[in-house]
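Chains, contacts and geometry: an overview
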Protein chains: 2
Amino acid sequence: MEIGLEAKDIDMFIETKIRSIVKSISWRILATLTTVSLVFIFFHRIDIALELGGVEIVAKMFIYYFHERAWDKIKFGKVAISPFVVWLTGLPKSGKTTIGNNLFRLLQKEGIKVQRLDSKEVRALFPETGFTREARDEHIKRIGYLTSILEQNGVSSVASFVSPYKESRDFVRKNTKNFVEVYVKASVETCIKRDKEGMYERALKGEIINFTGVSDVYEEPTEAEIVVDTEKLTPDEAAQKIYKYLKKKFLNVRRL
Amino acid sequence: MEIGLEAKDIDMFIETKIRSIVKSISWRILATLTTVSLVFIFFHRIDIALELGGVEIVAKMFIYYFHERAWDKIKFGKVAISPFVVWLTGLPKSGKTTIGNNLFRLLQKEGIKVQRLDSKEVRALFPETGFTREARDEHIKRIGYLTSILEQNGVSSVASFVSPYKESRDFVRKNTKNFVEVYVKASVETCIKRDKEGMYERALKGEIINFTGVSDVYEEPTEAEIVVDTEKLTPDEAAQKIYKYLKKKFLNVRRL
């Protein structure tokens, strides 16, 4: 099931407590043996070296503990990531897929767990049941459900769907925690110009029914978190714009 | 969207490299200051104490590095978890939901990232579109798609659905990596006895159409990884049986 750009198999690892304990002990023994050796080399007194080693073992354990606790309070260099759902909506050929792919790569590079969901790829395995308003609404709600479950499990998503109806987009918004609606804006005229597959043409001829922008309504978002005008921005610039917003809002890089 | 038993918000944390570097340096300084102080206390020679501290800083860095590399080779106390999909199938009232819930809790306690999916809870937000064989097949395939995406993102699932048709169960098997089909077995007679809501009764009267076990076929699994006979096992025992299988197969506890 190869959905998304690069589906990877992730193995989780758990380090048991006993491993951490044994590793800590082995390090402490090694470290103290080093100190004892150094003291012996410098002073040629094995009795005092061993005595010092005994004191060091206890002292370092305490100091290490307080060092850990102190660092726990220090926010420097920590990044908290709240999982989010980026929802790209717009007319067919407005540029959603390309922008979504670019954004997905930027997020992956940052080490963020993210799932790509695009209408074309999803369709094969997650069939839409029809092209009526109701059927399309339901399809979007199902995808929304999926993104919500991913979000709950710490996985963000980048979804790109025409999703023409405000109601179904708002359904996803309501049922996710960090919803980012991105209106990928381009006029119908521009979209027609970009359409090398001739979908608009066929829709205009009546060969495709309920085609958004031609024979079905596209309800423009009125409260989108981000609007990217693809008549002015390249797909790269658009992805960067969204990325910056996400970084500011959901990637809480802490400084001193 | 409260699906599953306890939906938690998971924040991911990333520790930046610069944090690790600064923390390592701060520890080394503190540790060496301790050694220098100890040596001074024992020998009253600040010059040699400082010199020893200088040697220690370099020596300990190398030793620490080799200690890390050696532990990287040691498997002791490491647990590798491969995400999996547990699929409970069986007649209505056979005990799928209870067993699924018990299993889910066992897995959560173990620290495994897992999503619970049960037909009843899913239905509210992930509507089935009908009760024909085709519609039911499609519904199961959609759930299967969801579990597959979760698996790809390192999240296991425990799904409990009547899922009466072999074909759709095999579809999920084919599209997931670690599929565990669990046949929750009970005779129709037993299920009728357990049915306090009177679903079977209504189905027998013809008030519910296409009811599995009465007016629709249940295709028994022929290659289920696990069979739990709920006429012989309690839900707790059944969950334990599945849990043991998962532990053996997907929780690779490594020993020396």
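Please read these numbers as outputs of a predicted model, since none were measured by experiment. (Residues numbered from 1 in each chain as written. Chains lettered and ligands numbered in written order. Predicted model: local features only at pLDDT ≥ 70, side-chain atom pairs only at ≥ 80, totals over all residues. Heavy atoms only, no water.)

1. Here's the deal with the packing of helix α1 (residues 17-43) of chain A against helix α1 (residues 17-43) of chain B
The geometry of α1 of chain A relative to α1 of chain B is characterised by a closest axis approach of 12 Å and an angle of 45° between their N-to-C directions. Relative to α1 of chain B, α1 of chain A is oriented oblique. Crossing handedness for the pair α1 of chain A and α1 of chain B: right-handed. Here Thr35, Val39 and Phe43 of chain A of α1 of chain A lie close against α1 of chain B, whose contacting residues are Thr35, Val39 and Phe43 of chain B. Each residue belonging to the contact of α1 of chain A with α1 of chain B can be placed in one class, and the counts come to four nonpolar, two polar and no charged. (Axes fitted to C-alpha atoms, helices over the stretch in contact; angles between N-to-C directions. Helix = DSSP H or I, 4+ residues; strand = E, 2+ residues; numbered from the N terminus. Parallel < 35°, antiparallel > 145°, perpendicular 65-115°, else oblique. Left-handed = near helix turned anticlockwise from the far one by under 90°. Contact = heavy atoms within 4.5 Å. Nonpolar A, V, L, I, M, F, W, Y, C, P; charged D, E, K, R; others polar.)

2. As for the pattern of salt bridges
One pass over the full model with this rule turns up 42 salt bridges over all chains. The salt bridge involving Glu56 of chain B is made with Arg28 of chain B; its shortest N-O contact spans 3.9 Å. Residue Glu56 of chain B is found in helix α2 (residues 46-73), and its partner Arg28 of chain B is found in helix α1; the two are separated by 28 residues along the sequence. Exposure remark for Glu56 of chain B: the relative accessible area of 0% places this residue in the buried category. For Arg28 of chain B, a relative accessible area of 11% translates into the label buried. With a shortest N-O distance of 3.0 Å, Arg173 of chain B and Glu181 of chain B are connected by a salt bridge. The structure contains a network of salt bridges with shared partners spanning Arg28, Glu56 and Lys60 of chain A together with Arg28, Glu56 and Lys60 of chain B. (Salt bridge = Lys/Arg side-chain N within 4 Å of Asp/Glu carboxyl O. Buried < 20%, exposed > 50% of the residue type's maximum accessible area, 1.4 Å probe, protein only.)

3. Some words on the interface of chain B and chain A
On the side of chain A, 74 residues touch chain B, which itself brings 75 residues to the contact. The junction of chain B with chain A conceals about 7,700 Å² of combined surface from both sides, 68% of it contributed by carbon and sulfur atoms. The salt bridge involving Lys23 of chain B is made with Glu68 of chain A; its shortest N-O contact spans 3.1 Å. Looking at the side of chain B that touches chain A, the element that brings in the most residues is α1 of chain B, giving 14 residues. (Buried area = accessible area lost by both parts, 1.4 Å probe.)

4. Side note on the relation of the copies chain B and chain A
Once chain B has been moved 0.0 Å along the axis and rotated by 180°, it coincides with chain A to within an RMSD of 0.1 Å. In symmetry terms, the pair is related by a two-fold rotation axis. When the interface residues of chain B are mapped onto chain A, 99% of them again lie at the interface, so the same face is used by both copies. (Least-squares fit on C-alpha atoms with pLDDT ≥ 70 in both.)

5. Considering helix α5 (residues 133-152) of chain B
Residues and elements named next belong to chain B. Its 20 residues give α5 an end-to-end C-alpha distance of 28 Å, which sits within 8% of 28 Å, the value for a rise of 1.5 Å per residue. When you tally the buried positions in α5, you get 16 out of 20 residues, the bulk of the element. Looking one or two places after α5, you find Gly154, whose phi comes out positive at around 80°. (Expected span 1.5 Å × (residues − 1).)

6. Considerations on the domain arrangement of chain A
Accessible area lost upon the coming together of the parts is a frequently used measure of interface size. Each domain of chain A was delimited in the assignment, giving domain 1 (17-73) and domain 2 (79-253). Between domain 1 of chain A and domain 2 of chain A, the C-alpha centre-to-centre distance is 56 Å. (Domains from an automatic or database assignment.)

7. Overview of the confidence of the model for chain A
Residues and elements named next belong to chain A. Mean pLDDT over chain A works out to 88, with 91% of the residues at or above the 70 mark. This model gives residues 1-8 a pLDDT under 50, and the stretch forms 28 contacts once residues within four places in sequence are excluded. Listed scores for the predicted complex are pTM 0.78 and ipTM 0.74. (pLDDT = per-residue confidence, 0-100.)

8. Looking at the nonpolar core
Of all hydrophobic cores here, the largest spans 32 residues; its most connected members are Trp87, Leu117 and Phe161 of chain A together with Trp87, Leu117 and Phe161 of chain B. Elements that contribute at least two residues to this core include exactly β3 (85-89), α5 (133-152) and α6 (166-175) of chain A together with β3 (85-89), α5 and α6 (166-175) of chain B. Once residues within four sequence positions are removed from consideration, Leu117 of chain B is found in contact with Tyr145 and Ile149 of chain A together with Val122, Ile143, Leu146, Thr147, Ser157, Val158, Ala159, Ser160 and Phe161 of chain B. (Core = buried A, V, L, I, M, F, W, Y, C linked by side-chain atoms within 4.5 Å.)

9. Re a nonpolar patch on the surface
A cluster of nonpolar side chains, Ile18, Ile21, Val22, Ile25, Ile29 and Leu33 of chain A, forms an exposed patch at the surface whose accessible area comes to about 520 Å². Summarising the element assignment, Ile29 of chain A is placed in helix α1. (Patch = residues over 30% accessible without salt bridge, like charges linked within 9 Å, V, L, I, M, F, W, Y side chains within 5 Å. Areas by Shrake-Rupley, 256 points an atom, 1.4 Å probe, with all protein chains shown as cover.)

10. Examining the pairing of β3 of chain A
Residues and elements named next belong to chain A. Burial analysis of β3 places five of its five residues in the buried class, which makes it a mostly covered element. Taking every second residue as pointing to the same face, both faces of β3 are buried, with Val85, Trp87 and Thr89 on one and Val86 and Leu88 on the other. Sheet topology note: the β3/strand β5 (residues 156-160) ladder contains four bridges and is parallel. From the neighbouring strand, Val85 faces β5, where its bridge partner is Ser157. Pairing geometry for β3 and strand β6 (residues 179-185), over five bridges, is parallel. Residue Thr89 lies in a different strand from β6, and its bridge partner there is Tyr183. (Pairing = 2+ DSSP bridges.)

11. Details of the environment of Phe104 of chain B
Residues and elements named next belong to chain B. As for its placement among the helices and strands, Phe104 is situated in helix α3 (residues 96-109). On the basis of relative accessibility, which here comes to 2%, the residue Phe104 falls in the buried class. Between the C-alpha atom of Phe104 and that of Gln115, which follows or precedes it by 11 residues, the distance is 7.9 Å.

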